[in-house]
Amino acid sequence: MSLLVTGSIGIDTVTTPCEVSKNCIGGSSVYFSMAASFFGPVRFVGVVGADCPFDLAQVFNGRPVDLAGLEVRRHSKTFRWWATYKDDMDHRTDRVKLGVLAEAPPKVPEAFKDSQLVFLANKTPALQMQLLDEIEKPLFVAADTMPRWIKGNRNELSELLKRIDCLIINVEEARLLVKQSNLVRAAEQILELGPSIVIVKKGESGSLMCLKDGNKFVLPAYMTTDVKDPTGAGDSFAGGFMGYLAQARKTDFDTLKTAVAYGTVVASFTIADFSLSGLTSVTRGDIDIRLGMLRKFTHF
Ligand code: AMP
């Protein structure tokens, strides 16, 4: 099934308790695409300014990522993100310069308008809906959001939630969205707002998936001591999840559970190094070996 993503392309500066990585490539759609490309083709829609130091064709060289939806704006500035992680490597403070992300969204190429699976990475809900309007008949739409939009753009977000199948968010966002601290209840209340699937990412504690039909699934994170930079874990999780669904060509409960497991495993590779290095150094074979290990760790 065809898979389209739209989100940010970022110039990231990340500070962890041990190291600093300056001006490296990041952005939600970049992590997502790299992760999803292990499973099949990805249609990429994004925008950078003329100051972008990265050649995305080079970044995705040899991977099935179609960059026909990449726009370079001459007089705009690329999105920039600075993040500093606390000692626990789970919490971070950040600051952004939105640049081109504060402007009109990139155009969806004609050839991408028949996309069947769509991932709307973190942007204002209005921009996410604008993109969605361009897709003719999407079969499965998933989205991410963030506290800023939950607090400041609630009406638009409510509209978006009615138009998507799956919301993939973290614990803080889930609690904030429905003002409910119990995560299972929070997920159930989010389901009432529209989507038929909610996935709550719990960082090193794994993830929880709740479906409107009552089905539920929990999975721990992949056990690893190899954590250098958690940036992109959430977007890589989404990329692994959606990439696997596109490859499997179905979205029944068993397939969704395997997709969560693939998302979990791909994210565990992302956090092993800065920027995309954790992902670019592995193969689909490595991912499948780790999936087998995850199965072994969680079976009783
Ligand atoms: P994650 O760690 O999965 O939340 O992803 C972090 C990535 O998302 C970084 O590479 C950033 O460039 C990008 N990012 C962070 N904040 C935003 C934002 N407000 N809008 C779009 N992209 C963002």
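Check the entry above for the structure.
Residues numbered from 1 in each chain as written. Predicted model: local features only at pLDDT ≥ 70, side-chain atom pairs only at ≥ 80, totals over all residues. Heavy atoms only, no water.

Engineer: Before we move on, can you summarise the pattern of salt bridges with the specific residues and values?
Structural biologist: A complete count under the given rule lists 10 salt bridges for this structure. Across the pair Asp 114 and Arg 43 runs a salt bridge, and its minimum N-O distance is 2.8 Å. With Asp 114 in the loop between strand E7 (92-97) and strand E8 (117-120) and Arg 43 in strand E4 (residues 42-49), this pair connects stretches of sequence that are 71 residues apart. Here Arg 43 falls in the buried class, since its relative accessible area comes to 19%. (Salt bridge = Lys/Arg side-chain N within 4 Å of Asp/Glu carboxyl O. Helix = DSSP H or I, 4+ residues; strand = E, 2+ residues; numbered from the N terminus. Buried < 20%, exposed > 50% of the residue type's maximum accessible area, 1.4 Å probe, protein only.)

Engineer: Go over the sheet that holds strand E2 (residues 10-15), please, and point to the residues and values.
Structural biologist: Picture the strands of a sheet paired through backbone hydrogen bonds; they go either parallel or antiparallel. Sheet architecture is open: 4 strands sit in the order E3-E2-E6-E7, paired in mixed fashion. Each end of this open sheet is capped by a strand with a single partner; those strands are strand E3 (20-26) and E7. Strand-to-strand, the axes of this sheet are offset by a mean angle of 20°, without reference to chain direction. Sheet topology places E2 next to E3; 5 bridges connect them, and they run antiparallel. Counted as the bridge partner of Ile 11 is Ile 25 from E3. (Pairing = 2+ DSSP bridges. Axes fitted to C-alpha atoms, helices over the stretch in contact; angles between N-to-C directions.)

Engineer: How would you explain a negative patch on the surface if you had to name every residue and give the values?
Structural biologist: On the surface, Asp 87, Asp 88, Asp 90 and Glu 204 cluster together into a patch of negative charge. Mapped onto the elements of the fold, Asp 88 is located in the loop between strand E6 (79-85) and E7. (Patch = residues over 30% accessible without salt bridge, like charges linked within 9 Å, V, L, I, M, F, W, Y side chains within 5 Å. Areas by Shrake-Rupley, 256 points an atom, 1.4 Å probe, with all protein chains shown as cover. Lys, Arg positive; Asp, Glu negative; His and termini not counted. Charge placed at Lys NZ, Arg CZ, Asp CG, Glu CD.)

Engineer: Describe empty space enclosed by the protein, with residues and values.
Structural biologist: The full count for this structure, using the stated rule, is 1 cavity of 30 Å³ or more. Reported here for the largest cavity is a volume of approximately 40 Å³. Taken together, the residues of the lining of the largest cavity break down into 7 nonpolar, no polar and 2 charged. (1 Å grid on protein atoms, 1.4 Å probe; cavity = no way out; pocket = protein on both sides within 12 Å on 5 of 7 lines; lining within 4 Å. Points joined across faces, edges and corners; volume = space filled by probe spheres on them. Nonpolar A, V, L, I, M, F, W, Y, C, P; charged D, E, K, R; others polar.)

Engineer: Run through the site of the ligand, naming residues and quoting values.
Structural biologist: The environment of the ligand is formed by 17 residues, the closest being Ser 8, Asp 12, Gly 27, Gly 232 and Asp 235. The separation between a nitrogen atom of the ligand and a polar side-chain atom of Ser 8 is 2.7 Å. Between an oxygen atom of the ligand and a side-chain N or O atom of Arg 92, the distance comes to 2.9 Å. Here the ligand has 510 Å² of accessible area as a free molecule, and 90% of this is covered by the chains. Looking at the shell around the ligand, the elements that each hand over two or more residues are helix H1 (28-36), E6 and helix H8 (233-248). (Near = heavy atom within 4 Å. Polar contact = N/O pair within 3.5 Å; in protein donor to acceptor, adjacent residues only side chain to side chain.)

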